[in-house]
Amino acid sequence: MPVAFKPPRLVRYGLAVLAAFAACRGTSGPGASARPVPDLTAPLPEARAWAQKTLAGLSLERKAAQMICAEIRGEYVAEDDPRYQQWLHLVRDEGIGAVVLYGGTPHDTAALLNRLQKAAPLPLFVSADFEGGPGQQLAGATEFPANMALSAIGSEDLAYEVGKAGAAEGRAVGIHITYSPVVDIQTDPDNPVLGVRSFGADLDLLGRLAGAYIRGYQENGMLATAKHYPGRGEVVLIPGTEYTINPKPAERVEAEDFLAFKKAIEAEVAYIMSEHISVPSAAEGSDLPASVEKKLATDWLKIRLGFEGVLTTDDMWYEKVVRRFGAVEACLLAVEAGHDAVLKPADPAATIRGLVEAVRSGRIPEERIDASVLKILTWKARLNLHRNRFVDESRVSSVVGRQAHKALLQRIADESLTLVKNDGFFPAEPDRLGPVVNLSVQKREIDPAPAQVDARIRAAFPGARTFFFGPATAAERYKEALKACEAAGTVIVSLFNARTAYKDNGPLRASDLEFLNRVIRSKPKSVVAMSYGNPYLASSLPGAAAFAVGYGEGGFFGNQVVYADSFIRLLKGEIRPSGRLPVNVSAGFPIGTGVRY
């Protein structure tokens, strides 16, 4: 029997918001006037009626399938490609409710999603990880810096605009859900698990910016996801395992980690993603991760924190999850714990069968499945997918990667650039910089960013010389670079040294540190350092004349290279620094540090 539908507080609010602000085309911020856009939203009564009627007509197998989200790739694939045939089987024959997309180009992605939508018995929810914006996944789309850049600026309007731009580009290619923002606090300078992916250590600022980001997406036709519940800000590895634990007492967990998610809930975030993290102090001593622990997923998140939206797991195919619980059993435990959606199970078809068997055996009540599926179907209809699940491929080029979004990207990089030290180096005068030498220090031997940044530096300063230093650099290279630095007018130190999650904040190698300090001693007024994506390096070169920080770590974690343009503009006197550190780096560089002139 279908469950009675009463939209929870989140859905009631979220639907009202979408009705009032849908797509917000032509608006400029959270306070701007807006008008409904029919192609992105449907009226609440219509969405409610469709969801209830659709649920009533589904078999148990098809209801279970609606809770499953499988992985696909966004690039072009031929009809007879085995990967496409597998995706088609899951969508058409198994009836899965969602896919999560990785990679590809905007046009290929739009075409692929239209093909899969055509084959799906019900509209597919398409999700993607847009932590750094659509460009994180789609070549040519806009990729923004990481969350910490927004905190360095402190502007809710800009956070909103990031969400608005991401929603426009995402919806243009057929994506409906972003697995962002990260709302984990970043409190431990010695173990920044998330680094620049976090909004930082200030809970009030985190709440305001995450809320604006969420509204930017959800008021413009895409659903946002707060992650990684119950919070990764201060977790450590459980000895001998690949699992992480938050070891703080319950009082601190509630006042810090849980409060961050409470702020996202108050912003009416549609989805929350749980992580494979245990919090024994808040779960009566249990070492089970939130992905399978009811005390965390239901008792805390849904009951005590008041979350009434869609709770999804993080990836369930991880070897550590499968090894500990079993591929299918892990997903059943997740549903029992309170999850509405299962992300990337190791075997989607077997998971559907497992859920069906669990219901028929009496282990999981069918009403439990119905409640989750009803929420999912309601959001699908509210985004108007029941009437139009397809995208207009001819419009992709006019929306994705448009110049207005690129300008927003550069503005965020410019305004977040943080000058944490300035001993008379700035404001710089380009004609007095003299011959430039760029010392590029990278943590990994293979890293595309240093070469991309170097190309920008050499284009901006003709004749500049660059020396790259990685784990395998020969001693002779250091000697050659030191000689070049002694003859230089300005020495730029470009640092690409990211955190090591669960271990350290990415300290420089001893050999590089010794070399850089020799350079500084020889040119004490001429060395300026720029850290790309790691503010925790700010205290590593105290003798440098100036030290600047950007907030893009690269990869999945935000645009890194855009800060080269901002740094060059700073060197040429075209911009003035205004960013502030959103985290405590050290006693000498506390939260809020930022030199202005």
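Now for a quick tour of the structure. Everything numeric in this text was worked out from a predicted model, so none of it was measured.

A few words now on helix H11 (residues 294-304). What H11 keeps buried is the set Leu 296, Ala 297, Thr 298, Trp 300, Leu 301 and Lys 302. Its side-chain oxygen 3.0 Å from the backbone nitrogen of Lys 295, Glu 293 forms the N-cap of H11. Immediately downstream of H11, the backbone of Gly 306 shows phi near 85 degrees, a positive value.

Using the criterion set out here, one finds 44 salt bridges in the structure. For Glu 61, the salt bridge identified is with Arg 360, shortest N-O distance 2.8 Å. Note that Glu 61 is positioned in helix H3 (residues 60-66) and Arg 360 in helix H14 (residues 348-360), a separation of 299 residues in sequence. For the salt bridge of Lys 227 with Asp 129, the shortest nitrogen-to-oxygen distance reads 3.1 Å. A residue pair is termed long-range when its members are at least 10 positions apart, and Lys 227 in strand E5 (residues 225-229) and Asp 129 in the loop between strand E3 (125-128) and helix H6 (147-153) qualify at 98 residues.

The tally for this structure, following the rule as stated, stands at eleven aromatic pairs. Seen in terms of ring centroids, Tyr 478 and Phe 515 are 5.1 Å apart; in terms of plane orientation they differ by 70 degrees. Their pairing is edge-to-face. Taken together, the residues span a long stretch of sequence, with Tyr 478 in helix H19 (residues 475-486) and Phe 515 in helix H20 (residues 510-522) at a distance of 37 residues. One exposure class covers both Tyr 478 and Phe 515, and it is buried. On the numbers, 4.8 Å between centres and 5 degrees between planes, the contact of Phe 496 with Tyr 532 is stacked. Here the residue Phe 496 occupies a position in strand E15 (residues 490-496), and Tyr 532 occupies one in strand E16 (residues 527-532), the gap between them amounting to 36 residues.

Glancing now at the sheet that holds strand E4 (residues 177-178). Strand pairing in a sheet relies on backbone hydrogen bonds. The paired strands run either parallel or antiparallel. Reading across from one edge, E4-E3-E2-E1-E11 is the order of the five strands in this open sheet, with parallel pairing throughout. A strand with exactly one partner marks an edge of an open sheet, and here the two such strands are E4 and strand E11 (342-343). Where E3 meets E4, two bridges bridge the pair, whose relative direction is parallel. The partner of Ala 128 across the bridge, within E4, is Thr 178. Sitting on the sheet, helix H4 (residues 82-94) touches strand E1 (68-73) and strand E2 (98-102), and the angle it makes with E1 is about 160 degrees.

Covalent bonding between the sulfur atoms of two cysteines defines a disulfide. Applying the stated criterion to the full structure yields zero disulfides. The closest cysteine sulfur to the non-disulfide-bonded Cys 69 is located on Cys 331, 12 Å from its own sulfur.

What follows is about unusual backbone geometry. Put simply, Ser 180 and Pro 181 share a cis peptide bond, and its omega is 15 degrees. Tracing the chain through its elements places Pro 181 in the loop between E4 and helix H8 (203-218). The peptide bond linking Tyr 229 to Pro 230 adopts the cis configuration, its omega dihedral lying at 10 degrees. Along the chain, Pro 230 falls in the loop between E5 and strand E6 (236-237). Despite not being glycine, Asn 384 shows a phi value in the positive range, around 70 degrees. Tracing the backbone shows Asn 384 in the loop between helix H15 (366-382) and helix H16 (396-399). Classification of Asn 384 as buried rests on a relative accessible area of 4%. The backbone of Tyr 502 sits at a positive phi, close to 70 degrees, despite the residue not being glycine. Counting through the fold element by element, Tyr 502 comes out in the loop between E15 and H20.

Scoring rules and cut-offs
Residues numbered from 1 in each chain as written. Predicted model: local features only at pLDDT ≥ 70, side-chain atom pairs only at ≥ 80, totals over all residues. Heavy atoms only, no water. Buried < 20%, exposed > 50% of the residue type's maximum accessible area, 1.4 Å probe, protein only. Helix = DSSP H or I, 4+ residues; strand = E, 2+ residues; numbered from the N terminus. Polar contact = N/O pair within 3.5 Å; in protein donor to acceptor, adjacent residues only side chain to side chain. Salt bridge = Lys/Arg side-chain N within 4 Å of Asp/Glu carboxyl O. Phe/Tyr/Trp six-rings, centres within 6.5 Å; stacked < 30°, edge-to-face > 60°. Pairing = 2+ DSSP bridges. Contact = heavy atoms within 4.5 Å. Axes fitted to C-alpha atoms, helices over the stretch in contact; angles between N-to-C directions. Disulfide = S-S within 2.5 Å.

Coordinates in, geometry out; function isn't part of it.
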